[in-house]
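Descriptive structure summary
So you can see what is in the structure, the chains are spelled out below.
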Amino acid sequence: MARAPREDQLQLLDVAQLDAQLARLRSDNEKHPLRAEVGDYMNMVAAKALELTNAKKALEEATAALEAASAKTGELSDIVKAKKERLNAGVGMDSRELMTLQSEIDTNEEMLDAAYEAEFEALEISESQEKEIAGLEAEQKVLNEKIVSGRSELEEAIEEIEREASDIRAERDALYEPLAESLKKEYERSMERGGLSVIALHRNGETSGGVQLSPIEVNYIKNAEPDEIHISDDYQCIVVLLDS
């Protein structure tokens, strides 16, 4: 049975409390809400980037369609203009040819009207895509600003946590280092197993760990040598008897 001075065992309870505080601070660091918040913003930026890529691709297609429509209206406009000039001149054409030319002009003008309409629709689509891109870029800018701000806040919060942890760690080490090696070995072994590492046992049988020891075990600890290190059979943790 391992042994350690009773004073060391009582001091180990203080060490355990400080270790619990360090564990909470590590959890606060790892699970800080700003980490999730910044992560969400980053995911949103990535999603906006994909939307932006698709919108720019759509704008390229709309621009190409607009250019094609503009070229078509320009071509038909030139044809109508040329034919009207021939009609107005009337040189070398009889009445039948003039009527045929007028019919062609009417047909070309109908085609030109349709081309103008297609060009206008292509222009509307192009402008709509430009507005969508501008909106996405604005949203992306806001999200990036939130990321920068969130990271700054997170860094400040983490620095505060680390400062607090450093102070507690220094206090903890000062208490832990002088302890008997046998006690430190048992404590480290208990910590490796997870769960409870050390609990205090009051004279009335209650424990600080929220667990219940058997009356037989409680009675044994009360009557054991003060420097005996007791490891609970049920919880595999160190049990330190208090004076009260």
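Residues numbered from 1 in each chain as written. Predicted model: local features only at pLDDT ≥ 70, side-chain atom pairs only at ≥ 80, totals over all residues. Heavy atoms only, no water.

The subject of this paragraph is the pattern of salt bridges. Any two side chains of opposite charge can pair, on the condition that their charged atoms come close. A complete count under the given rule lists 11 salt bridges for this structure. Ionic pairing is found between Lys48 and Glu51, a salt bridge with its closest N-O pair at 4.0 Å. Here Glu51 and Lys48 lie together in helix α2 (residues 33–89), a separation of 3 residues that amounts to about one turn. What emerges from the salt-bridge pattern is a single network uniting Asp19, Arg172 and Asp173. (Salt bridge = Lys/Arg side-chain N within 4 Å of Asp/Glu carboxyl O. Helix = DSSP H or I, 4+ residues; strand = E, 2+ residues; numbered from the N terminus.)

You can see Arg172 is positioned in helix α3 (residues 95–176). Taking the relative accessible area as the measure of exposure, Arg172 reaches 14% and is therefore buried. Non-local contacts of Arg172, meaning those with residues more than four positions away in its chain, are made with Val15, Leu18, Asp19 and Tyr187. (Buried < 20%, exposed > 50% of the residue type's maximum accessible area, 1.4 Å probe, protein only. Contact = heavy atoms within 4.5 Å.)

Formed by 15 residues in total, the largest nonpolar core has its most connected members in Leu12, Leu183, Tyr187, Val198 and Ile238. Of all the elements in the fold, those that place two or more residues in this core are α1 (6–30), α4 (181–193), β1 (198–201) and β3 (238–241). If you tally residues by element for this core, the top one is α1, at 4 residues. In contact with Val198, other than residues within four places in its own chain, are Leu12, Leu13, Ala16, Tyr187, Cys237, Ile238 and Val240. (Core = buried A, V, L, I, M, F, W, Y, C linked by side-chain atoms within 4.5 Å.)

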